[in-house]
Amino acid sequence: MNHVKHFIIVALMGVLAACGGGGSSSSTNTSVNGVASKGIITKGTVTVYPVSADGVKGGTPLTSGVINNGVYSVNIGAYSGAIIIEASGVYLDEATGAELTVPASAPLRAALDYVTTGKSFSLPVTPLTDLAYRQAGPLTPANIRAANDQISYLMRIDIMNTVPVAATSAAFSTATQSQINYSLILAAISKVMATQGTTLEQTLATLNSGLATTATATALNTALAAYLDPKNSTYNLTGITSIPPSLQNIGTVGKSLTLKLDGTTTALAQVQGFSVILTFPPGLLLRTDVNGVLLSTVLTKSGSTATSTVDQIIGHYDPASRTLQVAMLAPSTTTGTSSDLKAGDVITITYDYVVSPTSPIVVDSSNLSNPLFWDGTGAALTGLVLSVK
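Presented here is a report on the structure given in the accompanying data block. Since we're looking at a predicted model, the values are computed, not measured.

### A word on the side chain of D158
Alright, step 1. Along the polypeptide, D158 turns up in the loop between α3 (141-155) and α4 (169-172).
Alright, step 2. Among buried charged residues, D158 stands out as having no salt bridge; its nearest opposite-charge side chain is R287, 12 Å away.
Alright, step 3. Looking at D158, its side chain comes within polar contact range of the side chain of N161, at 3.1 Å.

Following this line, the structure appears as structure tokens:
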């Protein structure tokens, strides 16, 4: 059990270190700042709205402010809760070199699941945060988090904790790869607009309605390749002429595998948790945020645990070694009864290809190691086995 306890503590520390939205301490009221970009918005306006507990945007803004060279900073007073930020203004279109406008009647939006009085929060407002806004439905904190994670997963970047920069070689020279990737995706959206002859609002509506489909993924990847084509040197000012490996296959849904539990009748009646290490072959990866924490879409409950409200999955991923340590805690809610863990599927894991493989990359039970099982008292159990389905 010492191994299990240590693993769970380390994993929980990783989760706690990655609270989204960039909150930091402040001495007075709540402040919100960040970058607004569809191409960097050089001059414009941001407006911040409250969100009710049942996920409805408030009619009266908390505040508004200006955008200068992409940057905004506003104080929203003594407010705690979810917020929506809307941004509009002038930007330089990456695909055409034209000065275009995000109109106030169709602004870019971003939703944050919480802000807390007396702290400072940072978040970008971009077409990708706008897609998450559209996907969220009722803007409850849970829906906001899930939608932001969904778009982060599809676009291969942490859309909430990465700051986009101008799509120029000068800006890219001091940017992280995540910032470069963010900015290239925004440029690809501009290329879609130019190719299809649509406005930003029309383009985002189309991307949203076809999100995660082959058609949408193809449109984005084709547009990105076209933007980076050396023949496009007039408007591609980034110095990059091919798609970075970490941006391959944007907009696509990854592959998945399922962990399956089996064992003796006695052991299955007693088990209330397990842990295992899964080592992925070269060429595969799991999606994380900028802090290295797995996105919520990567590990999901399945089978007998799918609808449980008490079972928990804890995962820690090391991209260098391609190892995933994963544990499931499934405590019995009634003394003397078995937990939700039954023979069959227990956890679904979604992974991605680094680049499109020329032949299938196999993940099977041989990639599992060090399985551990325990009962309600923490005592080790035998007679159980995990396999990859």
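So that's the structure; there's more coming.
### Considering the packing of helix α2 (residues 127-136) against α3
Alright, step 1. At a closest axis distance of 8 Å, the pairing of α2 and α3 adopts a crossing angle of 130°. As far as their axial angle goes, α3 and α2 are oblique. Handedness of the crossing formed by α2 with α3: right-handed. Listed contacts from α3 to L128, L131, A132, Q135 and A136 of α2 are N143, A147, N148, Q150, I151 and M155.

### Brief notes about the packing of aromatic side chains
Alright, step 1. Here the structure, examined in full by the defined rule, presents 3 aromatic pairs.
Alright, step 2. Both rings, one in Y114 and one in F121, keep their centres 5.5 Å apart while their planes meet at 90°; by these two values the pair is edge-to-face.
Alright, step 3. Residue class for Y114 comes out partly exposed when judged on its relative accessible area of 27%.
Alright, step 4. Residue F121 is classed as buried on the basis of its relative accessible area, which comes to 1%.
Alright, step 5. Taking the centre distance of 5.8 Å and the plane angle of 50° together, the rings of F280 and Y351 count as tilted. Highlighted residues: F280 in the loop between β11 (273-279) and β12 (284-285) and Y351 in strand β16 (residues 344-353), separated in sequence by 71 residues. Each member of the pair, F280 as well as Y351, is classed as buried.
Alright, step 6. It is K57 that lies over the ring of Y49; its NZ or CZ is 4.1 Å from the centre.

Reading guide: rules and limits
Counting restarts for each chain, with residues numbered from 1 along the sequence as it is written. Whole-chain, interface and lining totals are the exception, using all residues; otherwise, since this is a predicted model, local features are given only for residues with pLDDT of at least 70 and side-chain atom pairs are given and counted only at 80 or more. Excluded from the side-chain calculation are hydrogens and water; included are all heavy atoms of the structure. Helical segments are the DSSP runs of H or I of at least four residues, strand segments are the runs of E of at least two, and each set is numbered from the N terminus. Per-residue accessibility, obtained with a 1.4 Å probe over protein chains only, is compared with the maximum for each type, and a residue is labelled buried under 20%, exposed over 50%, and partly exposed between these values. We score Asp and Glu as negative and Lys and Arg as positive, and we do not count His or the chain ends. Here, a salt bridge means any side-chain nitrogen of Lys or Arg that lies within 4 Å of a carboxyl oxygen of Asp or Glu. Under this definition, polar contacts are N or O atom pairs within 3.5 Å; protein pairs additionally need one hydrogen-donor-capable and one acceptor-capable atom, and for neighbouring residues in sequence, both atoms have to be side-chain atoms. In this analysis, axes come from line fits to C-alpha atoms, helices being fitted only over the stretch in contact, and the angle between any two N-to-C directions falls in the range 0 to 180 degrees. Just so you know how the angles are binned, under 35 degrees is roughly parallel, over 145 roughly antiparallel, 65 to 115 roughly perpendicular, and the rest oblique. What makes a crossing left-handed is the near helix being turned counterclockwise from the far one by less than a right angle; a clockwise turn instead makes it right-handed. What makes two residues a contact is simply this: any of their non-hydrogen atoms within 4.5 Å. Only rings of Phe, Tyr and Trp enter the pairing, Trp through its six-membered ring, and a pair is recorded when the two centres are within 6.5 Å. The plane angle decides the type: under 30 degrees is stacked, over 60 is edge-to-face, the rest tilted. The rule is short: NZ of Lys or CZ of Arg within 6 Å of the ring centre and within 35 degrees of the ring normal puts a charge over the ring.

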